[in-house]
Amino acid sequence: ILNVEQSPQSLHVQEGDSTNFTCSFPSSNFYALHWYRWETAKSPEALFVMTLNGDEKKKGRISATLNTKEGYSYLYIKGSQPEDSATYLCAFYDYKLSFGAGTTVTVRA
Amino acid sequence: DVKVTQSSRYLVKRTGEKVFLECVQDMDHENMFWYRQDPGLGLRLIYFSYDVKMKEKGDIPEGYSVSREKKERFSLILESASTNQTSMYLCASRTAGQSSYEQYFGPGTRLTVT
């Protein structure tokens, strides 16, 4: 079982503030790193799939960076809104996905 | 829109019962997966299937089996349910091939075994 770690486990953010959190994964035999957002009572949905060292992806106010050599990815939320409240999962692809435990973000109005 | 559906959102079963969890996807995906999610743990892979009638054990297959007779349907079977199988079960599917292909998830089944 591959070791994929996310930190922090949870965080609370004031509306309008920016935040970021980390996913660390094995730095050898890299294929892809996936980010998913899982809102309460909904299905997890893909945010980004990152495949190249140095990749930066952006979707609205959410962006992610990737460092495959040192084995980490950051996810950033700029100007957090209540609708950003969710659990954010990262997953390392090695012919199947190995998920981290997630970072649960709560945005306070 | 890709749709992955699961037969039940909530299920309550007794210890020792045989339990079937059904998953159907409508995008002709080759690969299908069953995960369970428990507090403080990531999604853990139980079984997956590359194509019809094919199955592979995931990280925690003990106490489970699967069936894939048709491409769109992937069933998870708890042969004799136990209380430690109380969990949220998620099904997912994806196109075969590239590591960059995302997975599409169903809404989950919250199973309680009493």
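Whatever comes next refers back to the structure up there.
Residues numbered from 1 in each chain as written. Chains lettered and ligands numbered in written order. Predicted model: local features only at pLDDT ≥ 70, side-chain atom pairs only at ≥ 80, totals over all residues. Heavy atoms only, no water.

Trainee: What is the right way to look at the overall build of chain A in this model?
Mentor: Within chain A, the regular secondary structure consists of zero helices and eleven strands. In chain A, the order of α-helices and β-strands from amino to carboxyl end is β-β-β-β-β-β-β-β-β-β-β. On the principal axes, the C-alpha backbone points of chain A span a range of 40 × 25 × 20 Å. Here chain A holds 109 residues, and 49% of them are scored as buried. (Helix = DSSP H or I, 4+ residues; strand = E, 2+ residues; numbered from the N terminus. Buried < 20%, exposed > 50% of the residue type's maximum accessible area, 1.4 Å probe, protein only.)

Trainee: How do you make sense of the overall build of chain B when you look at a structure like this?
Mentor: Looking only at helices and strands, one finds zero helices and eleven strands in chain B. Taken from N to C terminus, the helices and strands of chain B fall in the order β-β-β-β-β-β-β-β-β-β-β. For chain B, the spread of C-alpha atoms along the three principal axes comes to 40 × 30 × 25 Å. Looking at the 114 residues of chain B, the share that counts as buried comes to 47%.

Trainee: What is the right way to look at the interface of chain A and chain B in this model?
Mentor: By a frequent convention, interface size equals the accessible area lost on bringing the separate parts together. Facing the 21 residues of chain A at the interface are 22 residues of chain B. Each partner contributes to the roughly 1,700 Å² buried at the junction of chain A and chain B, and carbon and sulfur atoms together form 62% of this total. Three residues stand out in chain A for area buried against chain B, namely W38, K96 and F99 of chain A, and they jointly supply 28% of the buried area on that side. In this structure, the connection of chain A to chain B is made through one salt bridge. Between K96 of chain A and D59 of chain B there is a salt bridge; the shortest N-O distance is 3.4 Å. Run the count over chain A and chain B and you get four residue pairs in polar contact (both at pLDDT 80 or more). Mapped by element, the contributors of at least two residues to the side of chain A that touches chain B are strand 4 (32–38), strand 5 (45–50), strand 9 (86–93) and strand 10 (97–99) of chain A. No other element matches the four residues that strand 4 of chain A contributes to the side of chain A that touches chain B. Partitioned by chemical class, the residues of the side of chain A that touches chain B number 15 nonpolar, five polar and one charged. (Contact = heavy atoms within 4.5 Å. Buried area = accessible area lost by both parts, 1.4 Å probe. Salt bridge = Lys/Arg side-chain N within 4 Å of Asp/Glu carboxyl O. Polar contact = N/O pair within 3.5 Å; in protein donor to acceptor, adjacent residues only side chain to side chain. Nonpolar A, V, L, I, M, F, W, Y, C, P; charged D, E, K, R; others polar.)

Trainee: Could you clarify how one ought to interpret the nonpolar core in this entry?
Mentor: In globular proteins that are soluble, nonpolar side chains generally tend to be buried together. Residues and elements named next belong to chain A. Formed by 23 residues in total, the largest nonpolar core has its most connected members in F21, L33, W35, F48, L75 and Y88. If you list the elements that add at least two residues to this core, you get strand 2 (10–14), strand 3 (19–24), strand 4, strand 5, strand 7 (62–67), strand 8 (72–77), strand 9 and strand 11 (103–108). With four residues, the single largest contributor to this core is strand 9. Contact partners of L33, with chain neighbours within four places excluded, come to C23, F25, F48, V49, M50, L66, S73, C90, A91 and F92. (Core = buried A, V, L, I, M, F, W, Y, C linked by side-chain atoms within 4.5 Å.)

Trainee: Help me out: how do you make sense of the packing of aromatic side chains in this one?
Mentor: The way to describe two aromatic rings as a pair is by their centre distance and the angle between their planes. A full pass over the atoms with the stated rule returns 17 aromatic pairs over all chains. For the pair F21 of chain A and Y88 of chain A, a centre-to-centre distance of 5.5 Å together with 50 degrees between the ring planes defines the contact as tilted. Of the two residues, F21 of chain A sits in strand 3 while Y88 of chain A sits in strand 9, which places them 67 residues apart along the sequence. No difference in accessibility class separates F21 of chain A from Y88 of chain A, as the two residues are buried. Ring centres of F33 of chain B and F48 of chain B lie 6.0 Å apart, and the angle between their planes is 20 degrees; this geometry places the pair in the stacked category. Residue F33 of chain B is found in strand 4 (residues 31–37), and its partner F48 of chain B is found in strand 5 (residues 44–49); the two are separated by 15 residues along the sequence. Members of the aromatic cluster, each reached through a chain of ring pairs, are Y36, Y95 and F99 of chain A together with F33, Y35, F48, Y50 and F105 of chain B. (Phe/Tyr/Trp six-rings, centres within 6.5 Å; stacked < 30°, edge-to-face > 60°.)

Trainee: Before we go on, may I ask you to explain empty space enclosed by the protein in this structure?
Mentor: Empty space among the atoms becomes apparent when a probe as large as a water molecule is rolled across them. Counted under the stated rule, the structure contains one cavity of 30 Å³ or more. Taken as a whole, the largest cavity spans an internal volume of roughly 40 Å³. Contributing to the lining of the largest cavity are Y93, Y95, K96 and L97 of chain A together with N31, F33, F48, Y50, R94 and Q103 of chain B. Partitioned by chemical class, the residues of the lining of the largest cavity number six nonpolar, two polar and two charged. (1 Å grid on protein atoms, 1.4 Å probe; cavity = no way out; pocket = protein on both sides within 12 Å on 5 of 7 lines; lining within 4 Å. Points joined across faces, edges and corners; volume = space filled by probe spheres on them.)

Trainee: When you look at the sheet that holds strand 3 of chain A in this model, what are you seeing that I'm missing?
Mentor: In a beta sheet, neighbouring strands are held together by backbone hydrogen bonds and run either parallel or antiparallel to one another. Residue and element names in this part refer to chain A. Overall, antiparallel pairing links the five strands, which are arranged 1-3-8-7-6 in an open sheet. In the strand order of this sheet, the two ends are held by strand 1 (5–7) and strand 6 (56–59), each with one partner. Mean inter-strand twist for the sheet, computed between neighbouring axes without regard to direction, equals 15 degrees. (Pairing = 2+ DSSP bridges. Axes fitted to C-alpha atoms, helices over the stretch in contact; angles between N-to-C directions.)

Keep in mind these numbers describe shape, not what the thing actually does.
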